[in-house]
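Overview (structure and organization)
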Amino acid sequence: MPALTSSETEFDIIFAGGGTSAGVAAGRLAAAAPELRILIVETGPHTQEDLAHVQPARCFSHLSPDTITAKHIIGRPSDHLNGRPLAIQTGQCVGGGSSMNFVMYTRPPRSDYDDWEKVYKNQGWGFDDLLPLIKKTENFQAVGGAPRPTHGYKGPLKVSYGGYRSSVAIDYLTTMAEYDKTRSIIDDANSMVDDINHFQPWPKWIDQETGHRSDVPHNFLYDKTSSNSNLHIVVGCTVKRVVIEDGKAVGVEYVHNPRITPTADNTPRVAKAKHLVVVSAGAFGSPAILERSGIGARDIVERFGLESVVDLPGVGENYNDHPVVFVPFLAAEGTETLDGIIRNDEAEIAKWSTQWLKDGSGMMASNGVDAGCKYRPNPEELKDIGPDFAKRWESFFVPSPDKAVVSLGVTSLYLGLAPPPSDTKYFCVGGFMYYPSGIGSIHITSADDVEAPPDFDTGVLSSQDDVAVLRHVYKRTREFARRMSTYRGEYAPDHPVFPKGSAAAIPEGPVMPVPIDAPEIVYTAEDDKAIDDLIRSRVSTTWHSLGTCAMKPRSQGGVVDSRLNVYGVRGLKVADMSIAPANMGTNTYSPALTIGEKAAVLIAEELGISGV
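Residues numbered from 1 in each chain as written. Predicted model: local features only at pLDDT ≥ 70, side-chain atom pairs only at ≥ 80, totals over all residues. Heavy atoms only, no water.

1. Points about the packing of helix α4 (residues 127-137) against helix α15 (residues 589-607)
We apply this condition: Between N-to-C directions, angles cover 0 to 180 degrees, with each direction set by a line fitted to C-alpha atoms, over the stretch in contact for helices. The numbering of helices and of strands both runs from the N terminus, where a helix is a DSSP run of H or I of at least 4 residues and a strand a run of E of at least 2. Oblique is the label for any angle not under 35 degrees, not over 145, and not in the 65 to 115 range, which are roughly parallel, roughly antiparallel and roughly perpendicular in turn. Each helix crossing is assigned a hand: it is left-handed if the near helix lies turned anticlockwise from the far helix by less than a right angle, otherwise right-handed if that turn is clockwise. Two residues form a contact once any of their heavy atoms are found within 4.5 Å. Gly counts as polar in this scheme, as do all residues outside two lists: the nonpolar Ala, Val, Leu, Ile, Met, Phe, Trp, Tyr, Cys and Pro, and the charged Asp, Glu, Lys and Arg.
The N-to-C vectors of α4 and α15 enclose an angle of 110°; their axes lie 9 Å apart at closest approach. When the axes of α4 and α15 are compared, the pair comes out roughly perpendicular. Crossing of α4 over α15 shows right-handed handedness. Only Leu 593, Thr 594, Glu 597, Lys 598 and Val 601 of α15 make contact with α4, whose side of the interface consists of Leu 130, Leu 133, Ile 134, Lys 136 and Thr 137. Looking at side-chain class alone, the contact of α4 with α15 contains five nonpolar, two polar and three charged residues.

2. Considerations on the state of the cysteines
Linking two cysteines covalently through their sulfur atoms gives a disulfide. For clarity, the threshold we go by: By disulfide we mean two sulfur atoms from cysteines, separated by a distance within 2.5 Å. Each residue is placed in one exposure class: buried if its accessible area under a 1.4 Å probe, protein chains only, is under 20% of its type's maximum, exposed if it is over 50%, and partly exposed if it falls in between.
Summed over all chains, the structure comprises zero disulfides. No disulfide involves Cys 59; its sulfur sits 12 Å from that of Cys 93, the nearest cysteine. Owing to a relative accessible area of 0%, Cys 59 belongs among the buried residues under this scheme. Summary of cysteine pairing: Cys 373 is not part of a disulfide, and the nearest cysteine sulfur, belonging to Cys 428, is at 18 Å.

3. Section: the packing of helix α3 (residues 110-118) against α4
Running from amino to carboxyl end, α3 crosses α4 at an angle of 120°, the nearest separation of the two axes being 9 Å. In terms of orientation, α3 and α4 fall into the oblique class. Residues Arg 110, Tyr 113, Asp 114 and Glu 117 of α3 form the contact with α4, whose own contacting residues are Phe 127, Asp 128, Asp 129, Leu 130 and Ile 134. Of the residues assigned to the contact of α3 with α4, the class counts are four nonpolar, no polar and five charged.

4. A word on the side chain of Thr 175
Inspection of the secondary structure assignment puts Thr 175 in helix α5 (residues 167-179). You can call Thr 175 buried: its relative accessible area is 4%. Setting aside anything within four residues of it in sequence, one finds Thr 175 in contact with Phe 480, Arg 483, Met 484 and Ile 516.

5. Digging into the environment of Arg 259
Selection rule: A 3.5 Å cut-off defines polar contacts: any pair of N or O atoms within that distance qualifies, except that in protein one atom must be a possible hydrogen donor and the other a possible acceptor, and neighbouring residues in sequence count only when both atoms are side-chain atoms.
With respect to the element layout, Arg 259 can be found in the loop between β11 (248-256) and β12 (269-279). For Arg 259, a relative accessible area of 30% gives the class partly exposed. In sequence terms Arg 259 and Gly 97 are 162 residues apart; their C-alpha atoms lie 18 Å from each other. Beyond its immediate sequence surroundings of up to four residues, Arg 259 is in contact with Thr 67, Ile 68, Ala 70, Lys 71, Gln 92 and Glu 451. Of the polar contacts made by the side chain of Arg 259, one reaches the backbone oxygen of Ala 70; its length is 3.1 Å.

6. Points about the environment of Asp 180
Topologically, Asp 180 is positioned in the loop between α5 and β7 (184-185). Put simply, Asp 180 and Phe 480 are 300 residues apart on the chain and 9.1 Å apart in space, counted from C-alpha to C-alpha. Within the structure, the side chain of Asp 180 is placed 2.6 Å from the side chain of Thr 182, a separation counted as a polar contact.

7. Details of the nonpolar core
Cut-off, in case you're wondering: Nine residue types can take part in a nonpolar core, namely buried Ala, Val, Leu, Ile, Met, Phe, Trp, Tyr and Cys, and a core is a set of them joined through side-chain atoms within 4.5 Å.
In terms of nonpolar packing, the biggest core is built from 88 residues, with Phe 15, Leu 29, Trp 116, Trp 125, Leu 290, Leu 572 and Ile 579 touching the most fellow members. Beyond its immediate chain neighbours, meaning those up to four positions away, Leu 29 contacts Ile 13, Phe 15, Leu 36, Ile 38, Ala 600, Ile 603, Ala 604, Ile 609 and Val 612.

8. Re the pattern of salt bridges
Here is the rule we go by: Each reported salt bridge corresponds to a side-chain nitrogen of Lys or Arg within 4 Å of a carboxyl oxygen of Asp or Glu.
Under the defined criterion, the tally for this structure stands at 35 salt bridges. Put simply, Arg 471 and Asp 532 hold a salt bridge, and the shortest N to O gap is 2.8 Å. Linking Arg 471 in helix α13 (residues 464-481) with Asp 532 in helix α14 (residues 525-538), this pair joins segments that are 61 residues apart in sequence. Looking at Asp 532, the relative accessible area reads 14%, which means it is buried. Between Asp 494 and Arg 538 there is a salt bridge, and its shortest N-O distance comes to 2.5 Å.

9. Some details on the packing of aromatic side chains
Let me state the cut-off plainly: Classification of ring pairs uses Phe, Tyr and Trp, with its six-membered ring standing for Trp, and accepts pairs whose centres are within 6.5 Å; under 30 degrees between planes counts as stacked, over 60 as edge-to-face, and the remaining range as tilted. Lysine and arginine charges are scored as sitting over a ring when NZ or CZ, respectively, is within 6 Å of the ring centre and within 35 degrees of the ring normal.
According to the stated counting rule, one finds 30 aromatic pairs in the structure shown. On the numbers, 4.9 Å between centres and 55° between planes, the contact of Trp 205 with Tyr 589 is tilted. Of the two residues, Trp 205 is situated in the loop between β8 (198-201) and α6 (217-225) and Tyr 589 in helix α15; the sequence distance between them amounts to 384 residues. Residue Tyr 589 is classed as buried on the basis of its relative accessible area of 5%. Ring geometry for Phe 397 and Tyr 435: centres 5.9 Å apart, planes at 70°, overall edge-to-face. Residue Phe 397 is found in helix α12 (residues 390-397), and its partner Tyr 435 is found in the loop between β18 (426-433) and β19 (441-443); the two are separated by 38 residues along the sequence. Under the relative-accessibility criterion, Phe 397 is labelled buried at 1%. Since its relative accessible area comes to 3%, Tyr 435 is described here as buried. Put simply, the rings of Phe 389, Trp 393, Phe 396, Phe 397, Phe 432, Tyr 434 and Tyr 435 touch in pairs and so form one group of aromatic residues. We note Arg 392 situated over the ring of Phe 396; from NZ or CZ to the ring centre the distance is 4.2 Å. Note that Lys 598 overlies the ring of Trp 125, its terminal NZ or CZ placed 5.6 Å from the centroid.

10. Some details on unusual backbone geometry
If you check the backbone angles, Asp 246 has positive phi at about 55° while not being a glycine. Within the element layout of this structure, Asp 246 appears in the loop between β10 (237-245) and β11. A residue is classified by how much of its surface remains accessible, and Asp 246, at 74% relative accessible area, is exposed. A positive phi is found at Leu 461, a non-glycine position, where the angle reads about 60°. With respect to the helices and strands, the residue Leu 461 is situated in the loop between β20 (455-457) and α13.

11. A word on α3
Residues Ser 111, Asp 112, Tyr 113, Asp 114 and Trp 116 constitute the buried set of α3. For α3, the secondary structure elements touched by its buried residues are α4 and α15.

The values are spatial; any link to function lies outside them.
Pasting the structure below:
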């Protein structure tokens, strides 16, 4: 990888952030035009051949409080969360989320992209336009037989079921086939055209032959930096602002990240861009860079002594995420789970690493999330959710019949806030909302300090209809789990405290599964209050942050146009999940890749580059 010298300060394109979308765009452009001088400035470290990044099961290690590959963004304490300040993680390493996410392979319904084009007026961003780019990225190994028309088979990123299929997931699917006769089990609920209300084994961004994570840097960047002296990646440096002269972006000012290089000279440095600056620091980082550059709501920018370059009130607004509730249960003795790997148990890590190094199989080639459903409630289930959700259902979901409400799933590991004893096995059943009503915002609190905590309103559970949906998720989750053969009871610290004498009370001690046709638990209004209190006390998000530099008309709060240009500044684009104009029915890795592919095409068109 070429080293950047002090004399190398001018480039053709600078990417302010080295995450998923930036990596795809830079890699495509570097391959098509090796003479193009490209600089990526990334705030986190390299990930090349690091087991913490290439072994899928180690994804949970990036959530530790002392991690340097992710940043914990702390929201304001919220009454909607029983006074809690919610912490949300964001990737900070080369590859961003692609290098440390849970490798979940899901894709949105076609209506999400069609909304981008029709509702938000972004020509060229509809499903039909984007499908070739979506297929271009992937190599779909999960299902054999004839090629599926919406999947790709020649792209660099492999998609498979991973190297391990858990007994918990098999039990879950078997149980659902008997218990929920209104939904079917299929092998592909990610066609993007007919995916709701089917249970399926979840595919993953994992190479089925090597067991490696299918990330961006190992497939788009590192192979090129070793041979292309014009592609540079500077790590451990945070872009402070975009340098703007006469209304044009001409470079970036950056400083060292003290978490990566604590002894480095932190004098701001400037790199110049001949053609283009692309801000690509994610839903948290991109609006912060713009605001520190004088681009954003005038009152926010001027509050910190900055000159207002462009008054764009949409910067930092429209924060979207996916609130999640996973409910833990006790697993039968002998059940294989990822709990040992998560706890960093040396024997478990040695056992599964040996197998992974041998042939790419085993638990290290898994994320422990092996089955699920894109769940859209039927009339009876809507009745259980209740009247709080009726308006949202009629106005948003009824016009879009391909949109699911919740992603349901099962995990062969403990996910919760009350770490349990290490001598017991656990599994979780739960889900996250795809399109919650609650929307937040994020803004800077300092013009100079890039590490200053932001003013962050998560918006999570700020709307009662979201609470009603998650209450329903808890109830359905419990019915699913207690019919599974793996079930041996509930882990009480992560369940509601129901009123004394409630029929919904948590059973004490180990218990056996109930029959498939057992009566369902009946909840009272007081029981519902207990569930709501648990949800507000325990809800988290899936770290699918998006929307804070939305691609929509400026008059509607937009920040970039359909060519990703920031309104009011020449030579400045944004390319990452912050440009999504609305929430999406998917984990965000897939659309982040698509944004990267589209950005590469748009930039190539403007620079007269062919072959992208």
